[in-house]
Amino acid sequence: MADVVFDNVTRIYAGAETPAVDALELEIADGELVVLVGPSGCGKSTTLRMLAGLEGVDGGEIRIGSHDVTHVRPKDRDIAMVFQEYALYPHMTVEQNIGFHLKIAKVPRTEIARRVTEAARMLDLTPYLQRKPGKLSGGQRQRVAMGRAIVREPQVFLMDEPLSNLDAKLRVQTRTEIAALQRRLGVTTVYVTHDQVEAMTLGDRVAVLDHGVLQQFDRPRAIFDRPANTFVAGFMGSPPMNLLGGRLEGEDVRVAELTLPTTRAQREALTSDEVTVGVRTDAFVPAADGEAALNSIIELVEDLGSDAYAYCMTDLGGAARHLAVRVDPDEVPDRGAKLRLRPRPGAVHLFDGRTGDRLPD
Amino acid sequence: MTTTTHPSPQVRRGTPAPGTQHHGVLRIIGTTLTWAFASFNVLVLLFMLFSSFKTTKEIFRAPWAPPSSLHFENWSQAWSNGGFGSAAVNTILVVAASSVSVLVIAAPAAYALSRTQTRLAGGLTVFFTLGIGIPTQVTIIPIFVMMAKVNLVNNLFGLYVVYTAVSLPFTVFLLTGFFRSLPGRLEEAAAIDGAGVVRTFVQIMLPLARSGLVTALILNIIGLWHETLIALVFIQDQDKSTLSLSLLSFMSTITSFSDNPNWGALFAGVSILVLPMLALYVWLGRRIVEGITVGATK
Amino acid sequence: MIREAERATATTTAGVTDEGAVRSSGARSTLERDRRRLFLPFVLPALVLYLVFFIGPALAAVWISFTRWNGSTDAEWVGTRNYEVLVDDPVFHTAFVNTLLILVVVGVVVFVIAFGLTMVLREMRGRNAVRSILFTPYMVSAIVLSILWGFIFQYDGLVNSLLEAFGMEPVKWLSAGNLMPMILLGMVWINVGLYAMIILAAVDRIPNQYYEDAALAGTNSLQRFFYVTLPMTWDVVAVAATLWTINSLKIFEFIFAFGGTTTDLPSTDVWNSALFVYGMSFGGRTPAYAFGYASAAAVLMLILFAVFVILLRRIMRREPIEF
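All of these numbers come straight from a predicted model, not from anything done at the bench.

**Student:** Now, about the overall build of chain A: what can you tell me, with residues and values included?
**Tutor:** When helices and strands are counted, chain A shows nine helices and 20 strands. Referenced to the eigenvectors of the C-alpha coordinate spread, the extents of chain A come out at roughly 80 × 45 × 35 Å. Out of the 361 residues belonging to chain A, those deemed buried represent 43%. In chain A, 65% of the contacts between residues at least 6 apart in sequence involve partners at least 24 apart.

Written out as structure tokens, the structure reads:
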């Protein structure tokens, strides 16, 4: 068991203007499951591949269990990786696939057999040991890939979007299985995904990346409650937080008719009078008559049964904006209905309008 | 999903991954040999080109050196005395006519074979492929006798007919595979729009298959440009000879009938045969290589 | 009025019948039906040409091989006589051995080098340029390559001029005993590019994740070759091996130009199957026109090679793999 440290790690692809991963600082505790999440090209896969040793490191240092592994070959890092497409050898049986790494490492045959049998039992693969991957379902293939990682008994598991090739239902089921397995084995795990729901449900902590830069690294709840900047606010959550452009007037932020109070510390942190106001979909309440409100017209209603969302067009003082609002699923309003909305006091997130950074609470 | 999941091996990186920089002795030897092999190919072609501008004496005295002065008379001697001029015209005419004709015949057949799911179509596809395995040396005697009966021996039209025929199995094979890879949806769309089968073929499928047709055309041009055995058997007169034949007879003239053979002229003749195809390769190299490998790897 | 009504009914009925007809012909769509009707017109020209210039002549060659015939006089049926003579003909023996030498020796060397190249080229700088250059012999006439090959190795040729420059003794590369080995070597030279290119195309299709997983497992390059590259390109290698078998039987120009000209044939020591057929029929200053004998040799070699191809495909058959 070991912790993993990224110390100021940078990766620059030849010919690229900006680094794929820029001065990344990340400390992953022993036994922790950390999810790297971000949009396409944010550097999350590059980060994982640097940790695996499949990718060079242009600056900084990577440590596993206090050993500097920056220049260590992949096989000597004591890690195991689950690939997005699983990389199961089509010409080998399930048994041979799971035992392949041990065979290359010259582990005695009886020991290989013992570990493969054990892994197969744990993953319900025992009946399929003699089959080739081509004859397995997507979920079974995924488990074979997991098995191949488990038998190495590594210090760290690396998982590169291991669920993206499964259909939606199986993905949810396998997600919980992976979580359970990881808790049981207690092996430090770095997990890459572009799916923020997967990140929030699976990770002990979540690292949000964008354009090669770490945006926030925290527990899922904290990321949801206190997003560090507008990128995290807009990326995490489904539907994401509404971000509205406002302006500081005196001590208040003004968004259309609304005025929102600010603290002294917030005002001092601002780089200009532009403020971005973030409101979660469930943080809107109907405004009383005469109260300042955002006047909105419902354009589309998404009724999911237990939840319902209204997508509105809102007039922000001349400029029209889309707004997603959670509504009561038992009393879903009609399309075209007019809503007068205001954010619940205390449920407003304020960000610097220029830099996007969260203002102090 | 992510941009770095499958970096192609060609992608040049910054710092390489650990371990990949480790140059084994084997790797160094392999790389050296590979470069030596590639250099050999380049040097041989350069030698050919250089020698075509040299006197015989100079070729033997300094074979690897560039020509000290350009002896263009080698080229004119090959072109007129060696008969390469008329041979070039003959070759271009026959090769062009045959490689186009075989497309006209093979394309409809390949289309029908690839789009009809009957046992007959399947069998015929295999039947045509069989022809690739029948070497010319087996069929050339009967074909010669047959063509002699209709007075098409020692005749460029006869050569054109035979060239068209011998190119058929490979062309059908290549195009069948190509048509099969085209989506069937488009034909269904055309049918819904009211186009008949012939119209669908001519107006929808042929334009779509253009790259496959061009590949087949190029490969046939290359193959027929180099063809020798059939030409050797079918053509006797010098004014009907192809470039391959001219080169062979020029070589016999300068090596056996002359005390002072002009090797420079021979290499000029060689260049006349080689340069058009090398130019084609420089122009369309990628497509040629893909066309040749696609049949085997698909 | 009535007429119009009748016409309307008629149209309706026709429509119904039409639909019924479509249904009764199974699950076949009109598109499919049209296609079937045009199948023959589309295929026929190619089929006729193919029958006249391939199947007909091939069958005729079999018949001719049982006769004594010079092409002009009437053919005389001699039964298996041609084949019996062939078996005892030392010239045919040489041609037969040479053909097999080309098939096996050149084949094995070409494939080994081709695989070696794929291993080197996968991770080499300038690999695209090298690939293109290695393929150039395919674009050059075999006659030209043969002439160049001869010029390189003749006594006052390129190699010896290099040897002398380094103070070494010139070597008689093209002495009678060396001729066939030099031809085999030359064939390796001109064929490696094509087969390396085919195998490289297959190697390029192997998803990189397998090499990454192999790197994680700690494989060396030899293990990577046997666990990843070879099994995942096996079906292409099998096709390439078949292609080589077929092509090797067709080889003619390189040997022909390596010692012969339009009028003279090279020494029988270097003949292969194709040269034997040519030499016994149309070739040389005074052609033999022994059509029956030549055909017997051609047919015999074709049968042998066909058997070889079938065996090869059976031996190399594996479960097809999908990535």
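**Student:** Please give an account of the domain arrangement of chain A that cites residues and values.
**Tutor:** Bring the parts together and some accessible area is lost; that lost area is often taken as the interface size. Partitioning chain A into domains gives domain 1 (4–231) and domain 2 (241–352). Between domain 1 of chain A and domain 2 of chain A, the C-alpha centre-to-centre distance is 39 Å.

**Student:** Explain the environment of A337 of chain A to me, using residue names and the numbers behind them.
**Tutor:** Residues and elements named next belong to chain A. Mapped onto the elements, A337 comes out in the loop between β18 (319–327) and β19 (338–343). When the 14 C-beta atoms within 10 Å are taken as the criterion, A337 is described as partly exposed. Separated by 164 residues in the primary sequence, A337 and Q173 place their C-alpha atoms 38 Å from one another.

**Student:** Outline the interface of chain B and chain C, supporting the account with residue identities and numerical values.
**Tutor:** With 75 residues of chain B in contact, the opposing surface of chain C contributes 82 residues. If one sorts the elements of the side of chain B that touches chain C by residue count, helix α14 (residues 263–297) of chain B sits on top with 12 residues.

**Student:** Describe the environment of S248 of chain C, listing the residues and the values that go with them.
**Tutor:** All names here are of chain C. Mapped onto the fold, S248 is located in helix α10 (residues 221–250). Put simply, S248 and L216 are 32 residues apart on the chain and 41 Å apart in space, counted from C-alpha to C-alpha. Setting aside residues no more than four positions away along its own chain, S248 makes contact with I102, L103, V106 and G107.

**Student:** Tell me about the packing of helix α12 (residues 273–280) of chain C against helix α13 (residues 291–316) of chain C, and please be specific about residues and values.
**Tutor:** All names here are of chain C. Running from amino to carboxyl end, α12 crosses α13 at an angle of 165 degrees, the nearest separation of the two axes being 8 Å. Comparing their axes, α13 and α12 come out roughly antiparallel. Once α12 is placed against α13, the crossing between them reads as left-handed. From α12, S273, F276, V277 and M280 reach across to α13, where they touch Y293, A294, A297, A298 and M301. Of the residues assigned to the contact of α12 with α13, the class counts are eight nonpolar, one polar and no charged.

Criteria and thresholds
Residues numbered from 1 in each chain as written. Chains lettered and ligands numbered in written order. Predicted model: local features only at pLDDT ≥ 70, side-chain atom pairs only at ≥ 80, totals over all residues. Helix = DSSP H or I, 4+ residues; strand = E, 2+ residues; numbered from the N terminus. Buried ≥ 20, exposed ≤ 12 C-beta atoms within 10 Å, placed from the backbone. Contact = placed C-beta atoms within 7 Å. Domains from an automatic or database assignment. Axes fitted to C-alpha atoms, helices over the stretch in contact; angles between N-to-C directions. Parallel < 35°, antiparallel > 145°, perpendicular 65-115°, else oblique. Left-handed = near helix turned anticlockwise from the far one by under 90°. Nonpolar A, V, L, I, M, F, W, Y, C, P; charged D, E, K, R; others polar.

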